[in-house]
There are 2 protein chains.
Amino acid sequence: MQTTMMDVPLSVNHLLERAGRLFAGNEIVSRLPDKSLKRHTYGEFYRRTRALASALQKAGLKKGDRVATLCWNHHAHLECYFGIPAAGGVMHTLNLRLSPEEIGWIAGHANDRFLVVDDVLLPLYRQFAGAHAFEKVIVFPFSGQPVPEGFENYEAWLDRADPDGFEYAPHDENDPIAMCYTSGTTGRPKGVAYSHRSTVLHTLVASLGDFWGLRGTDVVLPVTPMFHANSWGMPYGAVMMGVKMVFPGPHLHPDDLLDLMQQEPPTLALGVPTIWMGLIQAYEASLSEGSPNRGRWKLPQGMKSLVGGAAVPESLIRAFDKHGIWILQGWGMTETSPVCTISYPRAELRGAGMDERYRRAAMAGVPVPLVELRVRGDEGDEAWDGKSVGEIQVRGPFITGSYHEVPREREKFTGDGWLRTGDVASVDALGFVRISDRTKDLIKSGGEWISSVDLENAVMAHPAVAEAAVIAIPDEKWSERPLACVVKKPNQEVTAEDLNAHLLKSGFAKWQLPDRYEWLDAVPRTSTGKFWKLKLRERFPR
Amino acid sequence: MQTTMMDVPLSVNHLLERAGRLFAGNEIVSRLPDKSLKRHTYGEFYRRTRALASALQKAGLKKGDRVATLCWNHHAHLECYFGIPAAGGVMHTLNLRLSPEEIGWIAGHANDRFLVVDDVLLPLYRQFAGAHAFEKVIVFPFSGQPVPEGFENYEAWLDRADPDGFEYAPHDENDPIAMCYTSGTTGRPKGVAYSHRSTVLHTLVASLGDFWGLRGTDVVLPVTPMFHANSWGMPYGAVMMGVKMVFPGPHLHPDDLLDLMQQEPPTLALGVPTIWMGLIQAYEASLSEGSPNRGRWKLPQGMKSLVGGAAVPESLIRAFDKHGIWILQGWGMTETSPVCTISYPRAELRGAGMDERYRRAAMAGVPVPLVELRVRGDEGDEAWDGKSVGEIQVRGPFITGSYHEVPREREKFTGDGWLRTGDVASVDALGFVRISDRTKDLIKSGGEWISSVDLENAVMAHPAVAEAAVIAIPDEKWSERPLACVVKKPNQEVTAEDLNAHLLKSGFAKWQLPDRYEWLDAVPRTSTGKFWKLKLRERFPR
C-alpha cells in the first residue's frame, strides 16, 4: 500500500514566505561599522530578500550558480542566506579570516560567479581579486560611504529589481542552497554543499526545546560568524520562528559585545569559547573598584549562551552561571550542518547536585534527533560505558557524505557511509559524548594516551590562567610528552610548580603532567577562533 | 552542482533506536483497569517493542500489511506505534467509540490482517468479529485476567520472540507506517495513511518551543485517545525526546484524571475541550465547603494544557489560568497529522494586556512551519485582514493528498493540490486563524451568515452554562435561524431572556440571537468527543 501524504519538497523558500506572512512586524537589528544600530522589520527583510533574488535572476543567474559572500554578520548577509537560494543559486560564504591567497583559491575551486562584499572588506577583496575573476561584484555599502566605480551598489541594485514580479526558481529538495569550505588545519580546504532538505531538517532539529529552544519571543545574538558553518544554522531557525535578531557587525571585542548587550539584551547568544572567555574577563574586571568600566555593564539575566567550535572548560560554565547565564555546549563541524550533540539538562539529572550538572555541561552532549553516532575503536564499536574511547563517526540527513569535486577519501568516510569526524571520545550510558581529543592532538606517552583537551581544561580552571593549549613534543624515551602553552590573566602570577600541584589535585597522575610550560601573550587562533595547534607545533618543535 | 549531503531516509525506527540508546532509564506509566499504576522504563519499552516487531515478522507479516489496534492509551499501544512499523507493517488504530458495525466496515476496508486488542475490549471485538476476519487476534492482558482460548496472548507472544535477532524491515521514507480513518459525520469513514517521512516531519515541527515545547524533563499526560489521529502525534514526540509519559488507560472521568494528576503530576496534558470542561467543573466543585471531594485535588502548577479537536471557549482558558494552567489551543484534523495551527504567545503581543492574550488564546492560532495555509473565498484568496472569511485550505508534507483506496474527490481537494478542510475562517495580520464555523454548520439568515461557534462560545461564557451547541433550523422568512441547545451547570438556573441579554452585552446584534433555546441534560458527542450536531439536527428538525 501507499502513503496518502502529499509530496511537497522541503524548502527554505517556505521559511522566507512564512516570515513575510507571519512576522512582518518583528525586528532585525544590525550594528554598523560606526557602531550605530540599523533596524529592519521582517517585512522589509522579506521584500529586500525577494528584491535580491529578482536582481540575481535579472543578472542572468542560472540554477546552481555559486554566489559568494564576503561579509560580516548583518541584515544584508541574512538577505543573501535566503535571496540567493530563492533565485536558484548557491550561497558560498567566504571566510574573511583566511589568507587572501586561500580565499582566492577557494573562490576559484567553487567557481563562484558573483560576489556580494561589504564595502569595509574591499581592501581584503582586492588582495585576492587577481586569483579569481567574478563576473560581477556587488558591494554592500555597510559603512554608508559611496561605492567605488566599477562595482555594483547592492542597494541601488535592489532598488532596480522587482520583488513583486519575482518567482522562486523551481527546485527539488535535494538541490544545493549553500556552500561552506572547511577550514582544515592541514591540506586544502574542502567544500560542503547543503541542500534545502538538509537545511530544513537541521533547522527543525536544532531549534527543539532542549537545544536552541527557539521561541518567537527570543532575541538572538549570533556572534558566530555567518561565514562559518552558516552561523551554526541559526539564521534559518530565527527566520522560521520570526525571532528578533541582533547582528554585531564587525565589532567582536568583548567591550563591544557587552555594550551591544546593554542596548539590545539577548535571550540567546552564540559563539566560540574564546569570545565568552574574553567577555567574562572584561565583565569581571569591570566589577573591581577603580576599573574605568565600573558600572558600565550588566549581563542579561537568564540568557542562554550556546557555545561550541571548541571544548568549553568547566571553569567557564561555572563563571557564567555565577552571573545567571547558562552555557549550553554543542559539538559539530562544518560537515554536520553543524549541530550533532548538545549538552542539556536531562530528566535523569534532576536529582543531581550542581557539581554533576557542571560536569555534564562541560561535555559535548547528547546526539540530537536524526544524527546517528558511534564510537569506533580498533576493533569495532566501543561500548557506551563512559570509558571506552574511539573515533566519533556520524551519519544522518544533514551530514555530508562527500566533498564538492573532491574524490571520496578513505580518511574521511567509512566504507559503510559514515563520516569520520577525527574527534576521539567516549560516550556514557546517558549518551553524553566526552571528547578527549582530535585524533591528531592525542599525546602518546609510553604507550598510554594523554588527552590534551583534559589537560587544557584543568590548567584553565586555575584562577590565574586566562588560556591554555597543550601540544605533544617528541620525546626519546616516552615517544611524546605534553607541553603546555599558558596565557596568564592580567596582573596574575603563576609558576609551573603551582600548575603541576593544581593538576595533581585535579586528579591527574604524575606521568600525565606537562614536562614544560611556555608562557605566551596569546594562543594563536585559526580563522574560526579555535586554538591553532599547528602554529604552536611549528613554534615548539621540541 | 549537487549537494554533498548524505541520502538518509527519515524513519521512526531511528526514534526508537534513539530512545533505547539515550533514555533507557526514563519512565512510562500506565493506569490499569483496576486503577493501579504499571511502570516501565524506556529500556523495557525498547526491548518489548523490538520483541513485538520480531513476533510480527515470525507470524509472517509482509511489508505494508495492516495490523489493527483496538486499545486504550497504555504502554502496549505505544509498543504498537513503533513495533508494527519496525516490522514493516502499518498500524491501523481502530476507534473504539464507533459502532461495532462501523468498526467492522473500516477493518474490512483497510483489509487488516492482524489485530491487537485489549482484553477489556473483547466484548466490543466480538460484536464486529463477524464483519471482518483477522488472520490472528492478539489479546493484550490489560486487566491481568487470563486470555480466553483461541486468542494469542500478547505477553506470551512477546516472550517467544527474538528482540536481539530482530532486524528492521528495509524501507523508503515514503512508506506508510500508520493509518487512521476519519470520523466523518456524513458518509463512510475514509482512511489516511501516514509515512515515515510525514511522521518524522510532523513530530519535529509540533515539538518546537512555541508549540508542544517538548523537553526531556517534561511529563506528558495524553488524554487524547491513541486511536484518534495518533493521539495528535504526541507518542512520537515523547519517544524522540525521551519524555516521561503517563497513560490514563480507560479512566477518563474528570475525578479519575484529577486523581492521576495527584499521583503523577504532568507538565503537559492533551485533550479535547470537553475533557477540560468536565475537569475544571469537578475541581471547582471540590473547592466548595461541604463537597465530598474537598481537599482531594491540587491542579499541577505551571502545567500546559494542549487543547484541540473543537473550538476552545475563552471562558475555559480564563478559568484554567485562574488556577495557574495555561491552555494552548491547536487546530488540525486526522488529515493533517494533525497539528496545523497553534495559538502561542507571540513577541508582538508582549505589551498586550491579559484580555488580548485570552482573546488570542481562544483562536485556532498561527500556522506551524511546513504548513501552507490559505483562506479561499468565492473569488480566490481572501486577505489576511481579520475580517474576510473563506474556507481554510492547507498544503504540506504531513498533509494528506488523497484517501486510501477512494477516488480523489473534488469536494476534498482543489485542482492545484490543496486539502479543503471544510472549516471557515478569517486570518489576521499576525497570522492568527479564527475559525468561525464548519462550512456545513454556518447559519444563513436573511442572506447574512451567523457563526454557530461564536454563539456557542458566548453562551458558554455565561456563568450558569456548562455546555452549549448551536444549530440552524429552517425558517420560512429568513431561510435559517439559530437554535441553541444548552446544558446548565448543576444547581444553576438561567432563562432564554437571561442568555439573550448576555449575548447582547457580548456584542451580538439582535438578529443574530437564537430564536429558541432547548435545555438538555447533555450535548450528544461524536466518538472523538466533539459536539455531534447531526444528532441535534435529527432531534430538532425545525
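These numbers come from a predicted model, not from an experiment.

Asker: Give a detailed account of the packing of helix α9 (residues 254-263) of chain B against helix α10 (residues 273-287) of chain B, specifying residues and quantitative values.
Answerer: Residue and element names in this part refer to chain B. Closest axis-to-axis distance for the α9/α10 pair is 9 Å, and the angle between their directions is 75 degrees. Considered as vectors, α9 and α10 are oriented roughly perpendicular to each other. Across the interface between the two elements, Pro254, Asp255, Leu257, Leu258 and Met261 of α9 pack against Ile275, Trp276, Gly278, Leu279, Ala282 and Tyr283 of α10. In terms of residue class, the contact of α9 with α10 is built from 9 nonpolar, 1 polar and 1 charged.

Asker: An account of the environment of A:Thr41 is requested, with residue identities and associated values reported.
Answerer: Residue and element names in this part refer to chain A. As for its placement among the helices and strands, threonine 41 is situated in strand β2 (residues 37-41). Residues within four places of threonine 41 in sequence aside, it is in contact with Ala24, Gly25, Asn26 and Glu27. From its side chain, threonine 41 meets the backbone oxygen of alanine 24 in a polar contact 3.5 Å long.

Asker: Tell me what's going on with the interface of chain B and chain A, and back it up with residues and numbers.
Answerer: Contact residues are listed per partner, giving 76 residues for chain B and 76 residues for chain A. Summed over both sides, the interface of chain B with chain A buries roughly 5900 Å², with 61% coming from carbon and sulfur. Summed over the three residues of chain B that lose the most area to chain A, namely B:Met1, B:Met5 and B:Met6, the buried surface amounts to 15% of that side. Taken together, chain B and chain A are joined by 4 salt bridges. Across the pair A:Arg215 and B:Asp210 runs a salt bridge whose closest N-O atoms are separated by 3.1 Å. The interface formed by chain B and chain A contains 28 residue pairs in polar contact (both at pLDDT 80 or more).

Asker: Which residues make up the sheet that holds strand β7 (residues 152-153) of chain A, and what values do they have?
Answerer: The strands making up a sheet associate through hydrogen bonds between their backbones, and the pairing can be parallel or antiparallel. All names here are of chain A. With mixed pairing, the 7 strands of this open sheet are ordered in space as β7-β6-β5-β3-β4-β8-β9. A single partner strand is all that each edge strand has here, and the edge strands are β7 and β9 (191-195). Examined bridge by bridge, strand β3 (residues 66-70) and strand β5 (residues 114-118) share 4 bridges and lie parallel to one another. In the strand pairing of β5, alanine 68 is matched with leucine 115.

Asker: Describe the packing of helix α1 (residues 12-22) of chain A against helix α3 (residues 75-86) of chain A, naming the residues involved and giving the relevant values.
Answerer: Residues and elements named next belong to chain A. One way to put it is that α1 packs onto α3 with a least axis distance of 9 Å and a crossing angle of 120 degrees. With respect to α3, the element α1 is oriented oblique. For the crossing formed where α1 meets α3, the hand is left-handed. Every residue of α3 that contacts α1 at Val12, Asn13, Leu15 and Leu16 is listed here: Phe82, Pro85 and Ala86. Taken together, the residues of the contact of α1 with α3 sort by class into 6 nonpolar, 1 polar and no charged.

Asker: A description of the relation of the copies chain B and chain A should follow, citing residues and the corresponding values.
Answerer: With an RMSD of 0.0 Å, the fit of chain B onto chain A corresponds to turning through 180 degrees and sliding 0.0 Å along the axis. These values place the two chain copies in the arrangement generated by a two-fold rotation axis. Interface residue correspondence from chain B to chain A reaches 100%, placing this contact among same-surface, isologous pairings.

Asker: Talk me through the domain arrangement of chain A; I want residue IDs and the actual numbers.
Answerer: Residue and element names in this part refer to chain A. Here the domain parsing of chain A yields domain 1 (12-171), domain 2 (253-438) and domain 3 (443-539). A separation of 20 Å is found between the C-alpha centroids of domain 2 and domain 3. Tallying the contact residues gives 14 residues for domain 2 and 14 residues for domain 3. A combined buried area of about 1100 Å² lies between domain 2 and domain 3, and 51% of that area is made up of carbon and sulfur atoms. Among the residues of domain 2 in contact with domain 3, Thr274, Gln281 and Asp437 are the three that bury the most area, contributing 34% of the side total. Seen at the junction of domain 2 and domain 3, the total is 1 salt bridge. A salt bridge links aspartate 454 to arginine 434; the shortest N-O distance between them is 2.7 Å. There are 3 residue pairs in polar contact (both at pLDDT 80 or more) connecting domain 2 and domain 3.

Asker: Quick one: what's the story with the pattern of salt bridges, residue by residue and with numbers?
Answerer: Under the definition given, this model contains 75 salt bridges over all chains. Its salt-bridge partner being B:Arg197, residue A:Glu173 comes within 2.8 Å of it at the nearest N-O pair. Highlighted residues: A:Glu173 in the loop between α6 (154-159) and β8 (176-181) and B:Arg197 in helix α7 (residues 196-206), drawn from two different chains. A:Glu173 sits in the buried class, given a relative accessible area of 9%.

Asker: Tell me about the pairing of strand β26 (residues 516-519) of chain B, residues and numbers included.
Answerer: Residues and elements named next belong to chain B. As paired strands, strand β25 (residues 479-488) and β26 are joined by 4 bridges and run parallel to one another. Paired with leucine 483 across the two strands is arginine 516, which belongs to β26. In this view, the connection linking β25 to its parallel neighbour β26 by way of helix α14 (residues 496-505) has right-handed handedness.

Asker: An account of the environment of B:Lys535 is needed here, citing residue identities and associated values.
Answerer: With respect to the secondary-structure elements, B:Lys535 resides in helix α15 (residues 533-539). Residue classification places B:Lys535 among the partly exposed positions, given a relative accessible area of 34%.

Asker: For empty space enclosed by the protein, give the residues involved together with the corresponding values.
Answerer: All names here are of chain B. Tallied over the entire structure, the rule returns 7 cavities of 30 Å³ or more. Counted as a void, the largest cavity has a volume near 90 Å³. Going through the elements one at a time, β4 (90-93), α4 (100-110) and β8 (176-181) are the ones with two or more residues in the lining of the largest cavity. When grouped by side-chain class, the residues that make up the lining of the largest cavity number 8 nonpolar, 5 polar and no charged.

Asker: Give me the lowdown on α14(B), citing residues and values where you can.
Answerer: Residues that lie three or four places apart on an α-helix share one face, since the helix turns once every 3.6 residues. Residue and element names in this part refer to chain B. Regarding α14, the residues found buried are Ala496, Leu499, His502 and Leu503. Here the buried residues of α14 occupy an arc of 125 degrees about the axis, which is enough to place them on one side. In this structure, α14 carries Glu497 and Lys505 as exposed residues pointing more than 90 degrees from its buried face. Looking at the buried residues of α14, the elements they touch are α13 (452-460), β24 (465-475), β25 and β26. Note on α14: the residue one or two positions beyond its end, glycine 507, has a positive phi of about 105 degrees.

Asker: Break down the sheet that holds strand β2 (residues 37-41) of chain B for me, citing the residues and quoting the values.
Answerer: Residues and elements named next belong to chain B. Pairing is mixed in the open sheet, where 9 strands are placed in the order β2-β1-β11-β10-β12-β13-β14-β15-β16. Every other strand in the sheet has two partners, leaving β2 and β16 (366-367) as the edge strands with one partner each. One ladder, built from 4 bridges, connects strand β12 (residues 268-271) with strand β13 (residues 304-307); its direction is parallel. By the bridge assignment for β13, leucine 268 is matched with lysine 304.

Asker: Residues and numbers for α9(B), please.
Answerer: All names here are of chain B. In terms of burial, α9 is a largely internal element, 7 of the 10 residues being buried. Every buried residue of α9 is accounted for by Pro254, Asp256, Leu257, Leu258, Asp259, Leu260 and Met261. On its buried face, α9 is in contact with β1 (27-31), β2, β10 (219-222), β11 (244-247) and α10.

Asker: I'd like to hear about the packing of aromatic side chains, residue by residue, with values.
Answerer: This structure, assessed with the given rule, holds 32 aromatic pairs over all chains. With a centroid separation of 5.5 Å and 75 degrees between ring planes, the pair formed by B:Phe211 and B:Tyr344 is classed as edge-to-face. Note that B:Phe211 is positioned in the loop between α7 and β10 and B:Tyr344 in the loop between β15 (339-342) and α12 (354-361), a separation of 133 residues in sequence. The class for B:Phe211 is buried, based on a relative accessible area of 0%. Considering the side-chain rings of B:Tyr403 and B:Phe413, the 5.7 Å spacing of their centres and the 50 degrees angle between planes classify their relative orientation as tilted. Note that B:Tyr403 is positioned in the loop between β19 (390-395) and β20 (419-427) and B:Phe413 in the loop between β19 and β20, a separation of 10 residues in sequence. Of note, A:Lys535 hangs over the ring of A:Trp532, and the distance from its end group to the ring centre comes to 5.0 Å. A cation over an aromatic ring shows up here: B:Lys190 above the ring of B:Tyr403, its NZ or CZ 5.5 Å from the ring centre.

The rules behind these values
- Residues numbered from 1 in each chain as written.
- Chains lettered and ligands numbered in written order.
- Predicted model: local features only at pLDDT ≥ 70, side-chain atom pairs only at ≥ 80, totals over all residues.
- Heavy atoms only, no water.
- Axes fitted to C-alpha atoms, helices over the stretch in contact; angles between N-to-C directions.
- Helix = DSSP H or I, 4+ residues; strand = E, 2+ residues; numbered from the N terminus.
- Parallel < 35°, antiparallel > 145°, perpendicular 65-115°, else oblique.
- Contact = heavy atoms within 4.5 Å.
- Nonpolar A, V, L, I, M, F, W, Y, C, P; charged D, E, K, R; others polar.
- Polar contact = N/O pair within 3.5 Å; in protein donor to acceptor, adjacent residues only side chain to side chain.
- Buried area = accessible area lost by both parts, 1.4 Å probe.
- Salt bridge = Lys/Arg side-chain N within 4 Å of Asp/Glu carboxyl O.
- Pairing = 2+ DSSP bridges.
- Left-handed = near helix turned anticlockwise from the far one by under 90°.
- Least-squares fit on C-alpha atoms with pLDDT ≥ 70 in both.
- Domains from an automatic or database assignment.
- Buried < 20%, exposed > 50% of the residue type's maximum accessible area, 1.4 Å probe, protein only.
- Right-handed = clockwise from strand over helix to strand, strands pointing away.
- 1 Å grid on protein atoms, 1.4 Å probe; cavity = no way out; pocket = protein on both sides within 12 Å on 5 of 7 lines; lining within 4 Å.
- Points joined across faces, edges and corners; volume = space filled by probe spheres on them.
- Arc of directions from axis to C-beta.
- Phe/Tyr/Trp six-rings, centres within 6.5 Å; stacked < 30°, edge-to-face > 60°.
- Lys NZ or Arg CZ within 6 Å of the ring centre and 35° of its normal.

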